Amino acid sequence: MIEYENLFKANEPLMEEFRSEFDKFLHSGWFILGESTKSFESEFAKYHDLNHFVGSASGLDSLIFSLILSELPKGSEVIVPSNTYFATILAILRAGYVPILVEPDIHSYNIDPTKIEEVITDKTKALMIVHLYGNPCEMDSIMKIVEKRNLTLIEDCAQAHGASYKDKKVGTFGNYSAFSFYPTKNLGALGDGGGVGVRSKEEADTLRMIRNYGSAKKYEFDVIGYNSRLDEIQSCFLRVKLKYLDKINEIKRDHAERYFSGLKKTFICPQKQEGVSPVYHIFNIRHPERDRLREFLLNKGIKTEVHYPISPHRQKVFAGVLKGEYPICDEIHKTTLSLPISWYHSKEDIEFVIQTLNNF
Ligand SMILES: Cc1ncc(COP(=O)(O)O)c(C=O)c1O
């Protein structure tokens, strides 16, 4: 059986280092906001070319914190892709703003820049883009709109650790960039975690308060905050894993190239943009008979996933909140299938998936 993902196998090569860090962690007796979190924050900032990086408890909180830091006027509209993971849109609602959905490009699955200006009103204050599946958005066009319209730009980098657009890391274009360290991510912790990339020290200091009840000094509370800290234990594991992120991404790119060159043209592969370095958090194909294809693969011993089965605007919780039709998003949701692409998969695993698919 070729599993879609197996988190034991994906972490097995690092177990010894994890054990040694865990031992040090236990002996330190310091479990919240200690030296490991501080070190991880600066190491991750350096790796991702971010001015500052502040850890939080999750990717969702990091998106909400980015919006809080943006200090948008009440009732502001925030543009977001219709084709994203549910959390991106939830964050806008949680922060008290109005999500305005824009359709994706059918080839890249990311927000279609040519459709952004159509929805801009005088209430539009921010654009929240998502580098979906680890594939950077088309940043040249997006930055032109951001500058022309004076929008705050937030990048949802939850699926794109290490990806770059024309030699510039994702997360360095926007005012804020939100990351998730959910265990399946390319840089995944052994539990929940996240964080925000910010441009100035002042904003980093504010965020350090916000994530900690609004406190910079013990028992003194200056702003209305949250309890959303990146756990010290997760920082220990993330420091280990960060050293392997380039290798993880390289192996995933290698698997993706194998899919690109081996798969029959009947399977629609994601578009490859010139000068862009994706990290293939997910490698999806599209096929009109997706469900039958998925069943066929399962019967041959290959597990796949669907990212995602239901369009955000069709989720029960958003009924009456997200209005409008998003046929491109629906088409992607109906036809997409994610193939195994973990860094523990062997070349032979990927070749077997390709051969099996080509026999469908
Ligand atoms: C695109 C995207 N945004 C946000 C999130 C939320 O991250 P988390 O699960 O850490 O809250 C995720 C991941 O789960 C995601 O894939």
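Note that the coordinates shown come from a computational prediction; the quantities given were computed from them, not determined experimentally.

## Focus on the sheet that holds strand 2 (residues 77-81)
Phase 1 of the analysis: Ordered in space as 1-9-8-5-4-2-3, the 7 strands form an open sheet in which the pairing is mixed. Of all strands in the sheet, those with a lone pairing partner are strand 1 (52-56) and strand 3 (98-102), marking the two edges. The average angle at which neighbouring strand axes cross in this sheet is 25 degrees, direction not considered.
Phase 2 of the analysis: Where strand 8 (residues 176-180) meets strand 9 (residues 194-198), 5 bridges bridge the pair, whose relative direction is antiparallel.

## Overview of the pattern of salt bridges
Phase 1 of the analysis: Applying the stated criterion across every chain, the model contains 21 salt bridges.
Phase 2 of the analysis: Across the pair Lys 201 and Asp 205 runs a salt bridge, and its minimum N-O distance is 2.8 Å. With Lys 201 and Asp 205 both in helix 7 (residues 201-210), this residue pair falls 4 residues apart, about one helical turn.
Phase 3 of the analysis: Given the relative accessible area of 49%, Lys 201 is considered partly exposed.

## Points about the site of the ligand
Phase 1 of the analysis: Near the ligand you find 14 residues, and of these Gly 59, Asp 156, Gln 159, Ser 180 and Lys 185 are the closest.
Phase 2 of the analysis: Separating an oxygen atom of the ligand from a backbone N or O atom of Gly 59 is a distance of 2.8 Å.
Phase 3 of the analysis: Within the side chain of Asp 156, a nitrogen or oxygen atom sits 2.7 Å from a nitrogen atom of the ligand.
Phase 4 of the analysis: The protein chains hide 91% of the 380 Å² of surface that the ligand would expose on its own.

## Regarding the pairing of strand 2
Phase 1 of the analysis: Of all 5 residues in strand 2, 5 are buried, a share of seventy percent or more.
Phase 2 of the analysis: Relative to strand 3, strand 2 is paired through 5 bridges, and the arrangement is parallel. Residue Pro 81 lies in a different strand from strand 3, and its bridge partner there is Val 102.
Phase 3 of the analysis: Bridge analysis of strand 2 against strand 4 (residues 124-130) gives 3 bridges, and the strand direction is parallel. From the neighbouring strand, Glu 77 faces strand 4, where its bridge partner is Thr 124.

## Here's the deal with the sheet that holds strand 6 (residues 164-165)
Phase 1 of the analysis: Pairing within the open sheet is antiparallel, and its 3 strands lie in the order 7-6-10. At either end of the open sheet lies a strand with only one pairing partner, and these are strand 7 (168-169) and strand 10 (276-277).
Phase 2 of the analysis: In the sheet, strand 6 pairs with strand 7 via 2 bridges, with the strands oriented antiparallel. Bridge pairing in strand 7 places Tyr 165 opposite Lys 168.

## As for the domain arrangement of the chain
How big an interface is tends to be expressed through the accessible area that disappears when the partners come together.
Phase 1 of the analysis: Domain assignment breaks the chain into domain 1 (7-242) and domain 2 (245-358).
Phase 2 of the analysis: Between domain 1 and domain 2, the contact holds 44 residues from the first and 42 residues from the second.
Phase 3 of the analysis: Of all residues in domain 1, the largest losses of buried area upon contact with domain 2 belong to Tyr 109, Tyr 133 and Asn 186, amounting jointly to 22% of the total for that side.
Phase 4 of the analysis: Our enumeration of links across domain 1 and domain 2 arrives at 0 salt bridges.
Phase 5 of the analysis: In this structure, the connection of domain 1 to domain 2 is made through 21 residue pairs in polar contact (both at pLDDT 80 or more).

## Brief notes about the packing of aromatic side chains
Phase 1 of the analysis: Going through the model one piece at a time under the given rule, you end up with 21 aromatic pairs.
Phase 2 of the analysis: Ring centres of Phe 44 and Phe 179 lie 5.0 Å apart, and the angle between their planes is 85 degrees; this geometry places the pair in the edge-to-face category. One end of the pair, Phe 44, is in helix 3 (residues 35-47); the other, Phe 179, is in strand 8, and 135 residues separate them in sequence. With respect to class, Phe 44 is no different from Phe 179; both count as buried.
Phase 3 of the analysis: Considering the side-chain rings of Tyr 280 and Phe 283, the 5.9 Å spacing of their centres and the 45 degrees angle between planes classify their relative orientation as tilted.

## Observations concerning the environment of His 313
Phase 1 of the analysis: Looking at where His 313 falls in the secondary structure, it is placed in the loop between helix 10 (290-299) and helix 11 (327-335).
Phase 2 of the analysis: With relative accessibility at 9%, the residue His 313 sits in the buried group.
Phase 3 of the analysis: Expressed as a C-alpha distance, the spacing of His 313 and Lys 123, which sit 190 residues apart in the sequence, is 21 Å.
Phase 4 of the analysis: The contacts of His 313, once residues within four sequence positions are left out, are Leu 101, Leu 322, Gly 324, Tyr 326, Cys 329 and Asp 330.
Phase 5 of the analysis: A distance of 3.4 Å separates polar atoms of two side chains, one belonging to His 313 and the other to Asp 330.

## Thoughts on empty space enclosed by the protein
Phase 1 of the analysis: A full pass over the atoms with the stated rule returns 2 cavities of 30 Å³ or more.
Phase 2 of the analysis: There is about 90 Å³ of room inside the largest cavity.
Phase 3 of the analysis: Put simply, the parts of the chain that give the lining of the largest cavity at least two residues each are helix 1 (7-11) and helix 9 (245-262).
Phase 4 of the analysis: When we break the lining of the largest cavity down by domain, the ones giving at least three residues each are domain 1 (7-242) and domain 2 (245-358).
Phase 5 of the analysis: Estimates place the volume of the second largest cavity at around 70 Å³.

What counts and how
- Residues numbered from 1 in each chain as written.
- Predicted model: local features only at pLDDT ≥ 70, side-chain atom pairs only at ≥ 80, totals over all residues.
- Heavy atoms only, no water.
- Pairing = 2+ DSSP bridges.
- Helix = DSSP H or I, 4+ residues; strand = E, 2+ residues; numbered from the N terminus.
- Axes fitted to C-alpha atoms, helices over the stretch in contact; angles between N-to-C directions.
- Salt bridge = Lys/Arg side-chain N within 4 Å of Asp/Glu carboxyl O.
- Buried < 20%, exposed > 50% of the residue type's maximum accessible area, 1.4 Å probe, protein only.
- Near = heavy atom within 4 Å.
- Polar contact = N/O pair within 3.5 Å; in protein donor to acceptor, adjacent residues only side chain to side chain.
- Areas by Shrake-Rupley, 256 points an atom, 1.4 Å probe, with all protein chains shown as cover.
- Domains from an automatic or database assignment.
- Contact = heavy atoms within 4.5 Å.
- Buried area = accessible area lost by both parts, 1.4 Å probe.
- Phe/Tyr/Trp six-rings, centres within 6.5 Å; stacked < 30°, edge-to-face > 60°.
- 1 Å grid on protein atoms, 1.4 Å probe; cavity = no way out; pocket = protein on both sides within 12 Å on 5 of 7 lines; lining within 4 Å.
- Points joined across faces, edges and corners; volume = space filled by probe spheres on them.

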